[in-house]
Amino acid sequence: MKRSETEQLTDELIGEAVLSLLVDNSPINKQSLISRLRSIEASEPDRQRRDILANIIMEISNNAERNKTTHEPSPWGGDNVHQLFGANQQSGKRKNH
């Protein structure tokens with residue numbers, strides 16, 4: 001399988017897992033995604049798709065573990081809200097609406 005075909009199938013499988021989580025009104029996070037991918041992998045009859053699912057699960061799991069051990073400072077100072085505009089949004093006393 002060509003790399004671009006593998007990448008496309010990878011995107012499709014992740015999309016399928018995320019869509020099924022959305023349909024079930026489940027939370028969207030790494031753990032739920034990994035769990036859903038494992039569920040899809042267990043019922044997948046195609047060996048090639050199972051192999052790709054295993055690689056996806058491994059990559060997401062490794063990335064999650066790497067993020068737990070590496071605590072890089074947040075570019076926003078630890079705040080999960082990033083100001084897109086400066087504190088002084090309106091210039092002057094004129095209203096914009």
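Summary of the structure given here. (Residues numbered from 1 in each chain as written. Predicted model: local features only at pLDDT ≥ 70, side-chain atom pairs only at ≥ 80, totals over all residues. Heavy atoms only, no water.)

### Side note on the pattern of salt bridges
Definition in use: Salt bridge, as used here, is a side-chain nitrogen of Lys or Arg placed within 4 Å of a carboxyl oxygen of Asp or Glu. Secondary structure elements follow DSSP: runs of H or I of four or more residues count as helices, runs of E of two or more count as strands, with numbering from the N terminus. Each residue gets one of three labels from its accessible area relative to the maximum for its type: buried under 20%, exposed over 50%, partly exposed in between, using a 1.4 Å probe on protein chains only.
Throughout the structure, instances matching the rule amount to 4 salt bridges. As a salt-bridge pair, E16 and R49 come within 3.5 Å of each other at their nearest N and O atoms. Here E16 is found in helix 1 (residues 3-23), whereas its partner R49 is found in helix 3 (residues 47-69), with 33 residues between them in sequence. The exposure class of R49 is partly exposed, given its relative accessible area of 22%.

### Some remarks on helix 2 (residues 30-43)
Note on helix geometry: an α-helix contains 3.6 residues per turn, so any two residues three or four positions apart are oriented the same way. Convention followed: Expected helix span is given by 1.5 Å per residue-to-residue step, counting one fewer step than there are residues. Definition of a polar contact: a pair of N or O atoms within 3.5 Å, with one able to donate and the other able to accept a hydrogen when the atoms are protein atoms, and with sequence-neighbouring residues admitted only if both atoms are side-chain atoms.
When the terminal C-alpha atoms of helix 2 are compared, their 20 Å separation across 14 residues agrees well with the 20 Å that a helix rising 1.5 Å per residue should span. Here helix 2 has its buried residues at S32, L33, I34, R36, L37 and I40. The N-terminus of helix 2 is capped by N29, whose side-chain oxygen sits 3.2 Å from the backbone nitrogen of Q31.

### Some thoughts on the side chain of S32
Put simply, the rule is: Here, two residues are considered to be in contact whenever any of their heavy atoms come within 4.5 Å of each other.
With respect to the helices, strands and loops of the structure, S32 is situated in helix 2. Accessibility expressed as a relative area gives 14% for S32, which makes it buried. A distance of 2.7 Å separates a polar side-chain atom of S32 from the backbone oxygen of P27. Setting aside chain neighbours within four positions, we find S32 in contact with L21 and P27.

### Describing unusual backbone geometry
The phi dihedral of N25 is positive, around 60 degrees, even though this residue is not glycine. Among the secondary structure elements, N25 is positioned in the loop between helix 1 and helix 2.

### Observations regarding the environment of Q31
Relative to the elements of secondary structure, Q31 occurs in helix 2. Relative accessible area serves as the criterion here: at 55%, Q31 is assigned to the exposed category. Each C-alpha atom of the pair Q31 and S61 lies 8.5 Å from the other, and the pair is 30 residues apart in sequence.

### Regarding the environment of I60
Turning to its location among the elements, I60 is positioned in helix 3. Placed 27 residues apart in sequence, I60 and L33 show a C-alpha to C-alpha distance of 8.9 Å. Ignoring sequence-local partners within four residues, the contact set of I60 consists of K30, L33, I34 and L37.

### Some words on helix 1
The condition is simple: Note that the arc is computed from the directions linking the helix axis to the C-beta atoms.
Taking 1.5 Å of rise per residue, the 21 residues of helix 1 would be expected to cover 30 Å, and the 30 Å separating its terminal C-alpha atoms lies within 8% of that figure. Of all the residues in helix 1, the buried ones are L9, L13, A17 and L21. The arc that holds the buried residues of helix 1, viewed along the axis, is 115 degrees, so those residues lie on one side. Projecting away from the buried face of helix 1 at angles above 90 degrees are the exposed residues D11, L19, L22 and V23.

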